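In case you want the letters, here they are:
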Amino acid sequence: MFETYERGDIVWMNFNPSLGHEQRGKRPALVWTNKESQMVSGFATVIPITSHDKNYPLHIKLTGLVPEVHGVIMTEQLISVDLQERKMKKITNCGPKILSKVDEIIGDMIV
């Protein structure tokens, strides 16, 4: 069995293996999919968080907003991961304000 997460949870996870310019290594990530979707599919859609803020327009700053995590959410690197294979550990939840910003940017990217 695998653990599921709330939409907006920020978790530690290992992105290895990765290819090219994809994020790699152990880092925080934002869980974007809801628990129901995760339970049905066994997958979660997550977004990596990096500590390197390059002021990209698709990035959302967390520093100061979520005390446990510093850096930016990299919305352009949305990825689906297997919950049974990718061991994740919850850090905190980002809250509705940040999640709404994520939804807005991703919505603009996919239409």
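Shown above is the structure to which this text applies.
Worth saying up front: this structure is predicted, and the values here are computed from it rather than measured.

A positive phi angle is found at N55, which is not glycine, with a value near 55°. By secondary structure assignment, the location of N55 is in the loop between β3 (43–50) and β4 (59–61). Residue N55 is classed as exposed on the basis of its relative accessible area of 56%.

Further remarks concern helix α2 (residues 96–110). Between its terminal C-alpha atoms α2 stretches 21 Å, which fits the 21 Å expected from 15 residues at 1.5 Å a residue. Regarding α2, the residues found buried are I98, L99, V102, I105 and I106. On an axial view of α2, the arc spanned by its buried residues comes to 130°, and they lie on one face. For α2, exposure combined with an orientation more than 90 degrees from the buried face picks out P96, K97, E104 and D108. The inward-facing, buried residues of α2 abut β2 (26–31), β3, β4 and β5 (72–74).

Nonpolar side chains tend to gather and get buried jointly when the protein is soluble and globular. Ranked by internal contacts, the top residues of the largest apolar core, which has 15 residues, are I10, L30, L62, I73, I98 and V102. Among the elements of the structure, β3 and α2 are those that each provide at least two residues to this core. The element best represented in this core is α2, accounting for five residues. In contact with V102, not counting residues within four places along its chain, are L30, W32, I47, I60, I73 and T75. F2, F15, V81 and M88 belong to the second-largest nonpolar core, a separate cluster that totals 12 residues.

With five of six residues buried, β2 is to be regarded as a mostly interior element. With five bridges connecting them, strand β1 (residues 9–14) and β2 associate as antiparallel partners. Its bridge partner being in β2, M13 is matched across the sheet by R27. Two strands pair when backbone bridges link them, and β2 and β3 are joined in this way by three bridges, in the antiparallel orientation. Paired with A29 across the bridge in β3 is P48.

Thresholds, definitions, all that
Residues numbered from 1 in each chain as written. Predicted model: local features only at pLDDT ≥ 70, side-chain atom pairs only at ≥ 80, totals over all residues. Heavy atoms only, no water. Helix = DSSP H or I, 4+ residues; strand = E, 2+ residues; numbered from the N terminus. Buried < 20%, exposed > 50% of the residue type's maximum accessible area, 1.4 Å probe, protein only. Expected span 1.5 Å × (residues − 1). Arc of directions from axis to C-beta. Contact = heavy atoms within 4.5 Å. Core = buried A, V, L, I, M, F, W, Y, C linked by side-chain atoms within 4.5 Å. Pairing = 2+ DSSP bridges.

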